[in-house]
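What follows is each chain in one-letter form.
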Amino acid sequence: MVRPRIPEICEVETETIGVFSRVAGWTGFGAAWRVRGIMGEDFMPGEIVVDVGTGPGTIPLHLQRMFPLARFHGLDLGLPMLAEAQQHSARMHIPLPCICGDGTALPFQNESVDMIISFFCLHHINDPGLFLAEVDRVLREDGKLLILDFKRDIPSLFCRAMNLLWKIGFLFSPGRHGLKESIDSSWTRAEVRAALEERNLSRFMVHETRTELLVTGGLKKFHGD
Ligand SMILES: C[S@@+](CC[C@H](N)C(=O)[O-])C[C@H]1O[C@@H](n2cnc3c(N)ncnc32)[C@H](O)[C@@H]1O
């Protein structure tokens, strides 16, 4: 039995933003390497890539350095987070155009974006179908998608281990310390699959690892999966 979802608030708590941004400054490179392993062949010169829920922007900034010819943009609900993204961008000497916007009402015209990426944002969204319908609307016909997030039905041992790691990373910082709230707010593969089916979004697929969910579309690695 999967425990019921407990929604988390949309934005990262104000008192946690500073430390979250600092931690993301250390982890962003590793996360970008991981993304490169999943979809490195999919970044094409000149293509517009939007990172939804970019937070402090460290993942797209590192990706921009790895794939200089793609054009990365960071989108987030929270202006304080976007201010952090601008600071990382200045420190790394890599421009990252930032947009304040909502993943469930994307501020782009139909079929105007080549690729959407989104990391650890889906669990903040209470209607995944609405988000995915928006992604479907703004992506070009051959557009690409990678969403990565926790899943709620993670084995409890992993949940406890990740919670502990997070608590160590955030030791002595103000604000929230655990990761459990985010895991409790996340979606399962079955729930995301049902949301896709309900809206006939057949170009997207849901995959899972032991700890995470991936929603993909048009990626070379996942063709025919
Ligand atoms: C846990 S942070 C992840 C940040 C970044 N992707 C990373 O992995 O380092 C989630 C981010 O999603 C943003 N967010 C939450 N709901 C959103 C929505 N509906 N549209 C856009 N951004 C959203 C939050 O403001 C926050 O910055």
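Attention here is on the structure that accompanies the text.

Conventions adopted
- Residues numbered from 1 in each chain as written.
- Predicted model: local features only at pLDDT ≥ 70, side-chain atom pairs only at ≥ 80, totals over all residues.
- Heavy atoms only, no water.
- Phe/Tyr/Trp six-rings, centres within 6.5 Å; stacked < 30°, edge-to-face > 60°.
- Helix = DSSP H or I, 4+ residues; strand = E, 2+ residues; numbered from the N terminus.
- Buried < 20%, exposed > 50% of the residue type's maximum accessible area, 1.4 Å probe, protein only.
- Lys NZ or Arg CZ within 6 Å of the ring centre and 35° of its normal.
- Near = heavy atom within 4 Å.
- Polar contact = N/O pair within 3.5 Å; in protein donor to acceptor, adjacent residues only side chain to side chain.
- Nonpolar A, V, L, I, M, F, W, Y, C, P; charged D, E, K, R; others polar.
- Contact = heavy atoms within 4.5 Å.
- Pairing = 2+ DSSP bridges.
- Axes fitted to C-alpha atoms, helices over the stretch in contact; angles between N-to-C directions.

1. Things to note about the packing of aromatic side chains
Two measures describe an aromatic ring pair: the distance that separates the ring centres and the angle between the ring planes. Following the criterion strictly, the structure yields four aromatic pairs and no others. Measuring from centroid to centroid gives 6.4 Å for F29 and W33, while their planes differ by 75°, and the two rings are edge-to-face. In this pair, F29 and W33 both sit in helix α1 (residues 14–39), four residues apart, roughly one turn of the helix. For F29, a relative accessible area of 44% gives the class partly exposed. Given a relative accessible area of 45%, W33 falls into the partly exposed group. Ring centres 5.4 Å apart and planes at 45° place the aromatic pair F43 and F72 in the tilted group. One end of the pair, F43, is in the loop between α1 and β1 (48–52); the other, F72, is in strand β2 (residues 71–76), with 29 residues separating them in the sequence. Both residues of the pair, F43 and F72, belong to the buried class. One aromatic cluster is present, formed by F43, F67 and F72 through successive ring pairs. Positioned above the aromatic ring of W33, the side-chain terminus of R36 is 4.8 Å from the ring centre.

2. Focus: the site of the ligand
Contacts to the ligand come from 19 residues, most closely from G53, D76, D102, G103 and F119. One of the side-chain N or O atoms of D76 is found 2.6 Å from an oxygen atom in the ligand. Measuring from a nitrogen atom of the ligand, one finds a backbone N or O atom of F119 at 2.8 Å. Looking at side-chain class alone, the shell around the ligand contains 10 nonpolar, six polar and three charged residues.

3. Looking at unusual backbone geometry
In this model, H93 sits at a positive phi of 55°, which is unusual for a non-glycine residue. Locating H93 in the fold gives a position in the loop between α3 (79–92) and β3 (98–100). On the accessibility criterion, H93 (71% relative accessible area) is exposed. Even without being glycine, N200 reaches a positive phi, approximately 55°. Tracing the sequence through the fold places N200 in the loop between α7 (189–198) and β6 (205–208).

4. Description of helix α2 (residues 58–66)
Among the nine residues of α2, eight are classified as buried, and the element is accordingly described as predominantly covered. If you check which residues of α2 are buried, you get T58, I59, P60, L61, H62, L63, Q64 and M66. As for α2, its buried residues are in contact with α1, β1, β2, α3 and β4 (113–119).

5. Digging into the sheet that holds β2
Here we have seven strands laid out as an open sheet, ordered β3-β2-β1-β4-β5-β7-β6, and mixed in their pairing. Both edges of this open sheet fall to β3 and β6, since each of them pairs with a single strand only. Neighbouring strand axes in the sheet, compared pairwise and without regard to direction, differ in orientation by 20° on average. Pairing analysis gives four bridges linking β6 to strand β7 (residues 212–217), with the strands arranged antiparallel. By the bridge assignment, V206 is partnered in β7 with V215. The sheet strands contacting helix α4 (residues 128–138) are β1, β4, β5 (139–150) and β7, and the helix crosses β5 at an angle near 150°.

6. Brief notes about the environment of L75
Mapping L75 onto the fold places it in strand β2. L75 gets classed as buried once you look at its relative accessible area, which sits at 1%. Separated by 129 residues in sequence, L75 and F204 place their C-alpha atoms 21 Å apart. When neighbours within four sequence positions are excluded, L75 is seen to be in contact with V50, D51, V52, G53, T54, I99, G101, D102, G103, L106, P107 and F108.

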